Amino acid sequence: MLKIDVEGCSSFVNKAAFDAYVEKALAAFDVLQGGQGAGNDFLGWKELPGQVSESLLRQLEAVQADWKARGIDLVVVIGIGGSYLGARCAIEALSHTFAKQLSGKKAAPEVVFAGNNLSEEYLAELMDLVAERNTAVVVISKSGTTTEPAVAFRIVKEHIEKTYADAAQRIVAITDARRGALKTLADQEGYRTFVVPDNVGGRFSVLTPVGLLPILLAGFDIRAMLEGARQMQQALAVRDAANPAVQYAAMRNLLYTELGKKVEVLVSYNPKFQYLGEWWKQLYGESEGKDGKGIFPASVNFTTDLHSMGQFIQDGDRIVFETVVNVKESSRSVVIGSDPQNLDQLNYLAGQHVEHCNAMAALGTKIAHIDGGVPQIGISVERIDAATLGEIFYFFEFACGVSAYLLGVNPFNQPGVEAYKKNMFALLEKPGYEERTAELRARI
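In this report, the structure presented in the accompanying data block is examined. Counting from 1, residues in each chain are numbered in the order their sequence is written. pLDDT decides what is reported in this predicted model: residues at 70 or higher carry local features, side-chain atom pairs at 80 or more are listed and counted, and totals for whole chains, interfaces and linings draw on all residues regardless. With hydrogens and water stripped out, all remaining heavy atoms of the structure feed into the side-chain values.

Bringing the overall build of the chain into the picture now. A count of helical and extended segments in the chain gives 16 helices and ten strands. Residue exposure (1.4 Å probe, protein chains only): buried if accessible area is under 20% of the type maximum, exposed if over 50%, otherwise partly exposed. Counting every position in the chain, which comprises 444 residues, the buried fraction comes to 48%. A sequence separation of at least 24 residues applies to 80% of the contacts in the chain between residues at least 6 apart. To measure how exposed things are, a 1.4 Å probe is used in the Shrake-Rupley method; for residues, cover is taken only from the protein chains shown. Per element, the accessible surface of the chain, about 20500 Å² overall, is 52% carbon and sulfur. A positive count includes Lys and Arg, and a negative count includes Asp and Glu. His and the chain ends are not counted in either. Charge placement uses NZ in Lys and CZ in Arg. For Asp and Glu, CG and CD serve respectively. Across the chain, the mean location of the 43 positive side-chain charges is 4 Å away from that of the 53 negative side-chain charges. Strands are runs of DSSP state E lasting at least 2 residues, helices are runs of H or I lasting at least 4, and numbering of each runs from the N terminus. We call two residues contacting when some pair of their heavy atoms lies within 4.5 Å.

Moving on: the packing of helix α4 (residues 85-94) against helix α14 (residues 386-407). Angles run from 0 to 180 degrees between N-to-C directions of axes, and those axes are lines fitted to C-alpha atoms, restricted for helices to the stretch in contact. Running from amino to carboxyl end, α4 crosses α14 at an angle of 145°, the nearest separation of the two axes being 10 Å. Along this stretch, α4 crosses α14, giving a crossing that reads as right-handed. Contacts between α4 and α14 involve Gly86, Cys89, Ala90, Ala93 and Leu94 on the former and, on the latter, Ala386, Leu389 and Phe393. Each residue gets one of three labels, nonpolar for Ala, Val, Leu, Ile, Met, Phe, Trp, Tyr, Cys and Pro, charged for Asp, Glu, Lys and Arg, and polar for the others, Gly among them. A per-class count over the contact of α4 with α14 returns seven nonpolar, one polar and no charged. Helix crossings fall into two classes, left-handed where the near helix is turned counterclockwise from the far one by less than a right angle and right-handed where it is turned clockwise.

A few words now on the environment of Ala242. Along the chain, Ala242 falls in the loop between α9 (222-236) and α10 (244-259). The sequence separation of Ala242 and Val111 amounts to 131 residues, and the corresponding C-alpha distance is 39 Å.

Further remarks concern the side chain of Arg170. Note on placement: Arg170 falls in the loop between α6 (147-163) and β5 (171-175). For Arg170, the contacting residues outside a window of four places in its chain are Trp67, Arg70, Ile72, Asn134, Thr135, Ala136, Val137, Ile160 and Tyr164.

When the charged atoms of two side chains with opposite charge come close together, those side chains can pair. Just to be clear on terms, a salt bridge is a Lys or Arg side-chain nitrogen sitting within 4 Å of an Asp or Glu carboxyl oxygen. Counted by the stated rule, this structure contains 27 salt bridges. In this structure, Lys46 and Glu47 form a salt bridge, with 3.9 Å as the shortest nitrogen-oxygen distance. Looking at Lys46, the relative accessible area reads 8%, which means it is buried. The partly exposed category is assigned to Glu47, whose relative accessible area is 34%. Between Lys281 and Glu278 there is a salt bridge, and its shortest N-O distance comes to 3.1 Å.

Right, let's get into the packing of helix α11 (residues 274-288) against α14. Interhelical geometry of α11 versus α14 gives an angle of 25° and a closest axis separation of 10 Å. Taken together, the axis directions place α11 and α14 in an arrangement best described as roughly parallel. Where α11 crosses over α14, the handedness of that crossing is right-handed. Contact with α11, carried on its side by Leu276, Trp279, Trp280, Leu283, Tyr284, Ser287 and Glu288, involves Ile392, Phe393, Phe396, Glu397, Ala399, Cys400, Ser403, Ala404 and Leu407 of α14 and no other residues of that element. Here the contact of α11 with α14 is built from residues that sort into twelve nonpolar, two polar and two charged. Reported orientations rely on four angle classes, namely roughly parallel under 35 degrees, roughly antiparallel over 145, roughly perpendicular from 65 to 115, and oblique for the rest.

In the segment running from Phe302 into Thr303, the intervening peptide bond is cis, with an omega of 10°. Backbone geometry at Asp291 places phi at a positive 55°, although glycine is not the residue there. Within the secondary structure layout, Asp291 lies in the loop between α11 and β8 (296-301). One non-glycine residue, Gln345, adopts positive backbone phi at about 60°. Relative to the elements of secondary structure, Gln345 occurs in the loop between β9 (320-327) and α13 (354-371). Taking relative accessible area as the criterion, Gln345 reaches 59% and is therefore assigned exposed.

A few words on the sheet that holds strand β3 (residues 110-114). Strands pair in a sheet through their backbones, by hydrogen bonds, and they do so in one of two ways: parallel or antiparallel. Note on pairing: DSSP must find at least two bridges between two strands before they are called paired. Spatially, β3-β2-β4-β5-β6 is the arrangement adopted by the five strands of the open sheet, whose pairing is parallel. Two strands in the sheet have a free side with no partner beyond their single neighbour: β3 and β6 (192-195). Across the sheet, the axes of successive neighbouring strands diverge by a mean angle of 20°, strand direction being ignored. Sheet topology places strand β4 (residues 135-140) next to β5; four bridges connect them, and they run parallel. Residue pairing across strands places Ile140 opposite Ile174, the latter belonging to β5. Lying on the sheet, α6 is in contact with β2 (74-78), β3, β4 and β5; it crosses β4 at an angle near 155°.

So, on to the nonpolar core. For the purposes of this section, nonpolar cores are sets of buried Ala, Val, Leu, Ile, Met, Phe, Trp, Tyr and Cys residues that join through side-chain atoms within 4.5 Å. Membership of the largest hydrophobic core comes to 101 residues, with the highest contact counts inside it found for Trp45, Val138, Phe395 and Phe396. A total of 15 residues in this core trace back to one element, the largest contributor, which is α14. When residues no more than four places from it in sequence are discounted, the contact partners of Phe396 are Tyr248, Leu266, Trp279, Trp280, Leu283, Tyr284 and Ile379. Core analysis: the next-biggest nonpolar cluster, separate from the first, contains 22 residues, Leu74, Val137, Leu182 and Ala186 among them.

By the secondary structure assignment, Arg441 is in helix α16 (residues 434-443). Sequence separation between Arg441 and Val246 is 195 residues; the distance between their C-alpha atoms is 48 Å. Setting aside its immediate chain neighbours within four residues, Arg441 contacts Leu427 and Glu429. We call two N or O atoms a polar contact when they sit within 3.5 Å, provided that within protein one can donate a hydrogen and the other can accept it, with sequence-adjacent residues counted only if both atoms are side-chain atoms. Here Glu429 takes part through its side chain, which lies 3.5 Å from a polar atom of the side chain of Arg441.

This brings us to helix α1 (residues 15-34). In a regular helix each residue adds 1.5 Å, so 20 residues correspond to 28 Å; α1 covers 28 Å between its end C-alpha atoms and thus fits that length. Looking at the packing, one finds that the buried side of α1 touches α9, α10 and α14. For α1, the side-chain oxygen to backbone nitrogen distance between the N-cap and Ala16 is 3.2 Å, and the N-cap itself is Asn14. Just beyond α1, the residue with positive phi is Gly35, at close to 65°. Here a helix's expected span is defined as the number of its residues, less one, multiplied by 1.5 Å.

These figures capture arrangement, not role.
Given below as structure tokens:
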């Protein structure tokens, strides 16, 4: 089970101050659990681990079985933000790093992602791949009109329709239950559909079909993931000062408010967690960055980034604190051998596991960064597997709700995201934006 350690902050904050913030976090916990806070109509994610029905799981598995029977070896998942980051995080974490390069028949289709940018080169290169593979599509959008995924889906859909007689069976839409352009199209064309619940925002949607279907199609155990999340849900439901979500929310807000630590860096020592950082950044950035408030979320992967970003963290402006996700057990074993010449001077490590070196690098870095003025929160998990990912997803989601309420903002809206869209629509001369188009043209 996931555990938290705030001792790496003890030389920066005293116990009385932390205890006071724990009390504030418990009050925020009560707001979240009582459903009385701002945005309380978007709390459906809280109960998801125990509410995903067997019927829904069988429907998801039916898509997997059907596409396997059709020989599909490439699935394009189209979505942006929370509509793809959770799935990508899980797939990257659970996949063999070099699965694409390894020879032999793959047990599951390759899952790639589109609709998260407007790069013409990216889409053109995606279509190079799609043209060579037996392809199906999962398109994720509540409205069906969000520009980035809508553009990608139009282009990929055209290829699917021109190439395959069974085109409609190769497209799954995850969208609103009743309305929207994508729902209308799915009904017209006969696509299989799954619902994005009305009371679950995109960045909290990884345990809905938004995340579950791509993760399943990639060959991973979504039942184990849901069970891990369910166990974490039970653990976090206890109103207690030792609740890890309460402790995390309390410490990060104390560091931000009282010590001016404006930047939180999520650290991992395993490259499989690169996209955990990307998912976490959206979750916390979009949930807390509003009303002139918020901790700026950044992420690094050590030891790689110790040779770059490590310099700033060690010696730069003291606005940073770290949250380090530690994995206790490696799933593989590699031992360093002995070399008669010892030209690389590594014989002192002969017989040691590489992961032991990684652990000592993490410990040495912790001491160096704390000595350099960087508080460190530790989060530890046993291993990287589907159940652990479920724990991590639910922990960070729940802690985000507590932390945002403690900060005094609505965790579940994102008004700032709309500003760029209005300007983009106007500059693209979308009908209905004529007045804003003229205003922007005069400014550029």
